[in-house]
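Descriptive structure summary
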Amino acid sequence: MKRSRKNAGKRPSMADRADPHVLYQKSVQSPDYDVPFFTEYFKNYTGHALRVMREDFCGTAALSVHFVTQHPDNHAVGIDLDWPTLNWGMKHNVSPLTVNQQNRLTLIHGNVLDAHPAQVQLVVALNFSYMIFKDRPTLLRYLKRAKEALQPGGMLILDIWGGSESQVLQEEPREIENADDDDGIGDFTFIWDQDAFDPATYLCTMRMHFAFQDGSEMRNAFVYDWRMWTMPEVMELMNEAGFRDVHFMWEGTNRKTNEGTGTYHRAEKGEADLAWVTYIAGVNSDAD
């Protein structure tokens, strides 16, 4: 087929050139924050160094990859059901690692609802990924599987979000700095789209879009059909699954700016913020 002279030599738009997995990692993941936070929290809670971690719903395995680079004794296991995403992570995140680091990383193309033999100190499920489970029996089954993967005294940490704004249909843009970009798209806008929410079931549809400086957009780069679980529901199910000392960590507030500090501490009571993100933790109840 001959190329139209009109389009000959026309450079693809930034939306056409951008890699959605790169955009996702830059917009919603922060392994350089999460790994030190989990490492410090685990050490302070258990008195032991965190050396073996499992990342459920690992996607591109960015967190697991970062973890094995932080200490020569760190080992990580990542599990994800979506092969294209996991394969992308292998090509782009795992391949730059040293041979030694790769040998301390195990990626499994599988279902987190199935049994996996590795016994780890910490299991994490981030970016609200477990909300793909829409009923109590299935979420309980997952929590029991996570507990089975833990060493005695090991810990499960989930993140969760809520607040009245989480139930409002809206698009929320956020500017993302992209100084180290190799695709020439520069800074871009991440758009979190709360597209549907049913208060009778708490079933919801969330979408991710990206907008670029040339005016182009990547719509529906990622679409999630979830059940928005609440904190008491998740904590009750964790207790039912056999975890002990189920608790949460709440973000501190800067009194001068009234904004979040980015640091999380164990709390007994939350705050009625319009929108919040926090972590829930539980400990394997088997004897240490």
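Provided above is the structure to which this section pertains.
Everything numeric here is computed off the predicted structure, so don't read it as measured data. Sequence positions are assigned chain by chain, starting from 1 and proceeding in written order. For a predicted model such as this one, the threshold for reporting local features is a pLDDT of at least 70, and the threshold for listing and counting side-chain atom pairs is 80 or more; totals across whole chains, interfaces and linings nevertheless cover every residue. Note that the side-chain values use all heavy atoms of the structure and ignore hydrogens as well as water.

**Observations concerning the overall build of the chain**
- Counting its regular elements, the chain contains eight helices and 12 strands.
- In terms of overall dimensions, the chain is globule-like: its C-alpha atoms have a radius of gyration of 20 Å, near the 19 Å expected for 288 residues.
- Along the first, second and third principal axes, the C-alpha set of the chain runs to 75 × 45 × 40 Å.
- Across the 288 residues in the chain, those meeting the buried criterion constitute 47%.
- Per-residue and other accessible areas were derived by the Shrake-Rupley procedure at a 1.4 Å probe size, with only the shown protein chains allowed to occlude residues. Counting every atom, the chain has about 14,700 Å² of accessible surface; 50% of that belongs to carbon and sulfur.
- Charge separation in the chain, taken as the distance between the mean sites of 28 positive and 41 negative side-chain charges, equals 5 Å. Think of it this way: any DSSP run of H or I at least four residues long counts as a helix, any run of E at least two long counts as a strand, and we number them from the N terminus. Our radius of gyration is a C-alpha quantity, and the globule rule it is checked against amounts to 2.2 Å times the number of residues to the power 0.38. Burial classes: relative accessible area under 20% of the type maximum marks a residue as buried, over 50% as exposed, and values in between as partly exposed (1.4 Å probe, protein chains only). Charged residues are defined narrowly, with Lys and Arg counted positive, Asp and Glu counted negative, and His plus the chain ends left uncounted. Note that the charge is assigned to NZ on lysines, CZ on arginines, CG on aspartates and CD on glutamates.

**A closer look at the environment of Ala15**
- Structurally, Ala15 can be placed in helix 1 (residues 14-17).
- Of the residues examined, Ala15 reaches a relative accessible area of 11% and is grouped as buried.
- Non-local contacts of Ala15, meaning those with residues more than four positions away in its chain, are made with Phe212, Ser216, Glu217 and Met218. Between two residues, a contact is recorded if the distance between any of their heavy atoms is within 4.5 Å.

**Thoughts on the nonpolar core**
- The definition of a nonpolar core used throughout is a set of buried Ala, Val, Leu, Ile, Met, Phe, Trp, Tyr and Cys residues joined through side-chain atoms within 4.5 Å. Ranked by internal contacts, the top residues of the largest apolar core, which has 58 residues, are Tyr130, Tyr142, Leu143, Leu156 and Phe212.
- Take this core: its biggest share by element is six residues, from helix 8 (residues 231-241).
- Counting residues in each nonpolar core, the second largest holds 29 residues, with Cys58, Val65, Leu105 and Met249 among its members.

**Considering the sheet that holds strand 7 (residues 188-198)**
- Strand pairing is defined by DSSP finding a minimum of two bridges between the two strands. Read from one edge of the open sheet, four strands run 6-7-8-9, paired in antiparallel fashion. Each edge of the open sheet is held by one strand with a lone partner, namely strand 6 (170-176) and strand 9 (217-227). Averaged over all adjacent pairs, the angle separating strand axes in this sheet is 20 degrees, with direction ignored.
- Bridging between strand 6 and strand 7 involves seven bridges; their strand directions are antiparallel. Paired with Ile176 across the two strands is Phe188, which belongs to strand 7. Under this scheme, a helix contributes an axis fitted over its contacting stretch, all axes are lines through C-alpha atoms, and angles between N-to-C directions fall in the 0 to 180 degree range.

**Quick notes on the packing of aromatic side chains**
- Centres within 6.5 Å are what make two rings of Phe, Tyr or Trp a pair, Trp counting through its six-membered ring; a difference in plane orientation under 30 degrees is then read as stacked, over 60 as edge-to-face, and the rest as tilted. Enumeration according to the criterion identifies 23 aromatic pairs in this entry.
- Aromatic rings pair up to connect Tyr33, Phe37, Phe38, Tyr41, Tyr264 and Tyr279 into one cluster.
- Over a ring means this: the NZ of a Lys or the CZ of an Arg is within 6 Å of the ring centre and within 35 degrees of the ring normal. Above the face of the Trp229 ring, Arg227 is positioned so that its terminal group lies 3.8 Å from the ring centre.

**Let's talk about the pattern of salt bridges**
- Between Lys or Arg on one side and Asp or Glu on the other, a salt bridge is scored when a side-chain nitrogen of the former is within 4 Å of a carboxyl oxygen of the latter. Applying the stated criterion to the full structure yields eight salt bridges.
- For Asp56, the salt bridge goes to Arg54, with nearest N and O atoms at 2.7 Å. Exposure class is identical for Asp56 and Arg54. Each is buried.
- A salt bridge links Glu171 to Arg219, with the shortest nitrogen-to-oxygen separation between them at 3.0 Å. Pair noted here: Glu171 is in strand 6 and Arg219 is in strand 9, with a separation of 48 residues, a long-range link.
- By relative accessible area, Arg219 is classed as partly exposed at 37%.

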